[in-house]
Amino acid sequence: DGLPAARLFSQGYSYTYDDVIFLPHYIDFPTDAVSLSTKLSRHVALATPCVASPMDTVTESSMAAAMASLGAIGIIHSNNAASQQASLVRLAKSHKIPFNHDLVFKSPAESILSSEEFLSAPCIFVTESGAQNSKLLGTVQKPDWDRLADKETRISDYMRNFSISLPAGYSFEDVAGYLAKNELEVVPLVRGNGEMGEEVVNLVTIDDIERIRGFPKLGLPSLGSDGEFLVGASIGTRESDKERLEHLVKAGVNVVVLDSSQGNSIYQIEMIKYAKKTYPELDLIGGNVVTTYQAQNLIQAGVDGLRVGMGSGSICTTQEVCAVGRGQATAVYKVASLAAQNGVPVIADGGISNSGHIVKALTLGASTVMMGSFLAGSNEAPGTYEYQGSHRVKKYRGMGSLEAMTKGSDARYLGDKAKLKIAQGVVGAVADKGSVLKFIPYTMQAVKQGFQDLGASSLQSAHDLLRSCVLRLEVRTGAAQFEGGIHGLISYEKKSF
Ligand code: XMP
């Protein structure tokens, strides 16, 4: 029954995940026997095959820390100054708590005029200059501010002196134990900052502890040889990106992604050669590519991983604007087949909107999936929630949208030297999904069930079954796709976990 992948994907059609379906195989193991452990790149191993995309509405330090705590990884975006990106990397790596509060810092001479300042954290930190990396003097607690008759009162008149804190390197269980033993509601986490004394990098509340204890557990966290969270970062191919790379390496970045929508360029190949020569120990992921020709060039230049996808992302308009790209199922299968012969892991980037897409991407040869919209509505994504009617949403924008490009991401689309900027992405909003710490474990359990139906107990076994033609696929007609979705109901409640 069905066709082997090699035949299905060589008929001149560009298929995406929804176009194809795997035929089930034989089950001789339980779901929990499925291992999804994998490689992001030649030397970076992960327990969970998920990657948070380097987009400014997806991955900053909170997302990177949360993904690493799940055994996955986040790639911190580069739509910022090099020093800012490096400090986001350091922040994600500097503690073992799987999230960050967005901390607010003020100087003693300032006032707090609006309760909105307390939205992201229950207390505000007071430092000498009002910046995070300046001497810490005290805190302002929300109840103290609530009691103020005159909100213009200077902070120095009512702040509390800074007393209790814990080292940022404390584990989640150590912090939880400390809060319980001392009957505290909140504790700041600090790290040494040379002459400056101590710098606050995060805080933990008892609500955080309870919330996280309620989440399902998922494998081992992603830790580097330094014992800190694994964190990646993206760079471009401009001359100034060499300096950015140096900042990132100093911050301890574990893997670097060369961020381009069309990676097969002289600019990227030169940057790969430069980075490999300057930092031979650092894994470098090239892309994006969708053909074996593009992939071959980057493999020859020395990449340790390949990112696959062009125009498949939910906010992408590259295929419409530039008339180039490829259906994501075909692109992943073709590139991964070549990359496997060279021992180069492949990231299937974009177009993931459910666990079935992840099963398809991984079985077709990818070692990990990179996601934007799937993660952008989570608590850990940058930005705050807004309401659109009765829907709680977070902003999600393409890095090729005009809005993002004004901040510098036009280099990804090789448009930084062009006088006229052409958008290859849109700005939108995605629904609130809660914490990645909750929905990624559920999603991975669903992926394991998919692997079990295919009779594959690991990624390697799925790849072997596909290449040996044991696993077979078919193309779904429009009616078959309709039948495969929910249909025929007047109403239903969509809740997957
Ligand atoms: P998803 O589907 O996960 O896709 O939201 C995320 C991926 O989309 C790519 N990306 C873009 N592609 N125009 C594009 O053509 C854009 O503005 C844009 N922004 C992001 C990127 O590969 C990301 O990982």
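Note that this is a predicted model, so its numbers are computed, not measured.

Quick notes on the rules
- Residues numbered from 1 in each chain as written.
- Predicted model: local features only at pLDDT ≥ 70, side-chain atom pairs only at ≥ 80, totals over all residues.
- Heavy atoms only, no water.
- Buried < 20%, exposed > 50% of the residue type's maximum accessible area, 1.4 Å probe, protein only.
- Helix = DSSP H or I, 4+ residues; strand = E, 2+ residues; numbered from the N terminus.
- Contact = heavy atoms within 4.5 Å.
- Polar contact = N/O pair within 3.5 Å; in protein donor to acceptor, adjacent residues only side chain to side chain.
- Pairing = 2+ DSSP bridges.
- Axes fitted to C-alpha atoms, helices over the stretch in contact; angles between N-to-C directions.
- Near = heavy atom within 4 Å.
- Areas by Shrake-Rupley, 256 points an atom, 1.4 Å probe, with all protein chains shown as cover.
- Nonpolar A, V, L, I, M, F, W, Y, C, P; charged D, E, K, R; others polar.
- Core = buried A, V, L, I, M, F, W, Y, C linked by side-chain atoms within 4.5 Å.
- UniProt positions renumbered as here; feature names shortened; annotations may be inferred.
- Right-handed = clockwise from strand over helix to strand, strands pointing away.
- Phe/Tyr/Trp six-rings, centres within 6.5 Å; stacked < 30°, edge-to-face > 60°.
- Lys NZ or Arg CZ within 6 Å of the ring centre and 35° of its normal.

Here's the deal with helix H12 (residues 355-363)
With respect to burial, H12 is a largely interior element, seven of its nine residues being buried. Taken residue by residue, H12 has His 357, Ile 358, Val 359, Lys 360, Ala 361, Leu 362 and Thr 363 as its buried positions. Structurally, H12 contributes buried residues whose contacts are with strand S1 (20-22), helix H11 (328-341), strand S17 (346-349), strand S18 (368-371), helix H15 (436-454) and helix H16 (459-467). Looking at where H12 begins, the residue whose side-chain oxygen comes 3.1 Å from the main-chain nitrogen of Gly 356 is Asn 354. Looking one or two residues beyond H12, the residue adopting positive phi is Gly 365, at roughly 125°.

Description of the sheet that holds strand S12 (residues 198-205)
An order of S10-S11-S12 is seen for the three strands of this open sheet, with the pairing classed as mixed. Two strands close off the open sheet at either side, each with one partner strand: strand S10 (166-167) and S12. Pairing geometry for S10 and strand S11 (residues 186-192), over two bridges, is parallel. Among the inter-strand pairings, Leu 166 is bridged to a residue of S11, identified as Leu 189. Across the sheet, helix H5 (residues 172-181) lies against S10, S11 and S12, angled at about 130° from S11, the strand it touches most.

Here's the deal with the site of the ligand
Near the ligand lie 26 residues; those nearest to it are Cys 316, Thr 318, Asp 349, Tyr 396 and Gln 424. For the ligand, an oxygen atom lies 3.3 Å from a polar atom in the side chain of Arg 307. Within the backbone of Met 399, an N or O atom sits 2.8 Å from a nitrogen atom of the ligand. Coverage of the ligand by the protein chains reaches 97% of its 520 Å² of free accessible surface. Looking at side-chain class alone, the shell around the ligand contains eight nonpolar, 15 polar and three charged residues.

Looking at the nonpolar core
Core analysis: the biggest nonpolar cluster contains 114 residues, and Leu 306, Leu 375, Ile 440 and Phe 451 have the highest contact counts within it. Not counting residues within four places of it along the chain, the set of residues in contact with Leu 375 comprises Val 51, Ala 52, Val 58, Met 63, Met 67, Ala 381, Val 436, Phe 439 and Ile 440.

Overview of the UniProt feature "binding site: NAD(+)" (unreviewed entry) in the protein
In this numbering, the UniProt entry assigns the feature "binding site: NAD(+)" (unreviewed entry) to Asp 259, Ser 260, Ser 261, Gly 309, Met 310 and Gly 311. The largest pairwise C-alpha distance within this set of annotated residues, which runs over 53 residues, is 14.1 Å, so the set is compact in three dimensions. As for its placement among the helices and strands, Asp 259 is situated in the loop between strand S14 (255-258) and helix H8 (266-278). The buried category is assigned to Asp 259, whose relative accessible area is 10%.

A closer look at the pairing of strand S16 (residues 305-308)
When a strand is regular, its side chains alternate between the sheet's two faces. The side-chain alternation of S16 yields two buried faces, one formed by Gly 305 and Arg 307 and the other by Leu 306 and Val 308. Relative to S16, strand S15 (residues 283-289) is paired through four bridges, and the arrangement is parallel. Paired with Val 289 across the two strands is Val 308, which belongs to S16. Assessed by its sense of winding, the connection that carries the chain from S15 through helix H9 (residues 292-301) to S16 is right-handed. Two strands pair when backbone bridges link them, and S16 and S17 are joined in this way by three bridges, in the parallel orientation.

A short note on the packing of aromatic side chains
By the definition in use, this model includes six aromatic pairs. With centroids separated by 5.7 Å and ring planes inclined at 50°, the aromatic side chains of Phe 118 and Trp 145 adopt a geometry described as tilted. Here Phe 118 is found in the loop between strand S6 (105-106) and strand S7 (123-127), whereas its partner Trp 145 is found in helix H4 (residues 142-147), with 27 residues between them in sequence. The pair formed by Phe 118 and Trp 145 is uniform in burial state, with each residue classed as buried. The rings of Phe 9, Tyr 13, Tyr 15 and Tyr 333 are connected pair by pair, giving a single aromatic cluster. Note that Lys 394 overlies the ring of Tyr 385, its terminal NZ or CZ placed 4.8 Å from the centroid.

Re the UniProt feature "binding site: IMP" (unreviewed entry) in the protein
Feature annotation in UniProt assigns "binding site: IMP" (unreviewed entry) to the following positions: Ser 314, Asp 349, Gly 350, Gly 351, Gly 372, Ser 373, Tyr 396, Arg 397, Gly 398, Met 399, Gly 400 and Gln 424. With respect to the helices and strands, Gly 398 occurs in the loop between strand S20 (391-397) and helix H14 (402-405). Judged by its relative accessible area of 2%, Gly 398 falls in the buried class. Along the chain, the position of Gly 400 falls in the loop between S20 and H14.

Topic: H16
Within the sequence span of H16, burial applies to Leu 459, Ser 461, Ala 462, His 463, Leu 465 and Leu 466. Immediately downstream of H16, the backbone of Cys 469 shows phi near 65°, a positive value.

Points about the environment of Thr 153
Here Thr 153 is to be found in the loop between H4 and strand S9 (160-161). Look at Thr 153 and you get buried, because its relative accessible area is 19%. Along the backbone, Thr 153 and Leu 284 are 131 residues apart, and their C-alpha atoms lie at a distance of 51 Å. In this structure, Thr 153 is in contact with Glu 110, Ser 111, Leu 148 and Tyr 158, ignoring residues within four places of it in sequence. At 2.5 Å, the side chain of Thr 153 forms a polar contact with the backbone oxygen of Asp 150.

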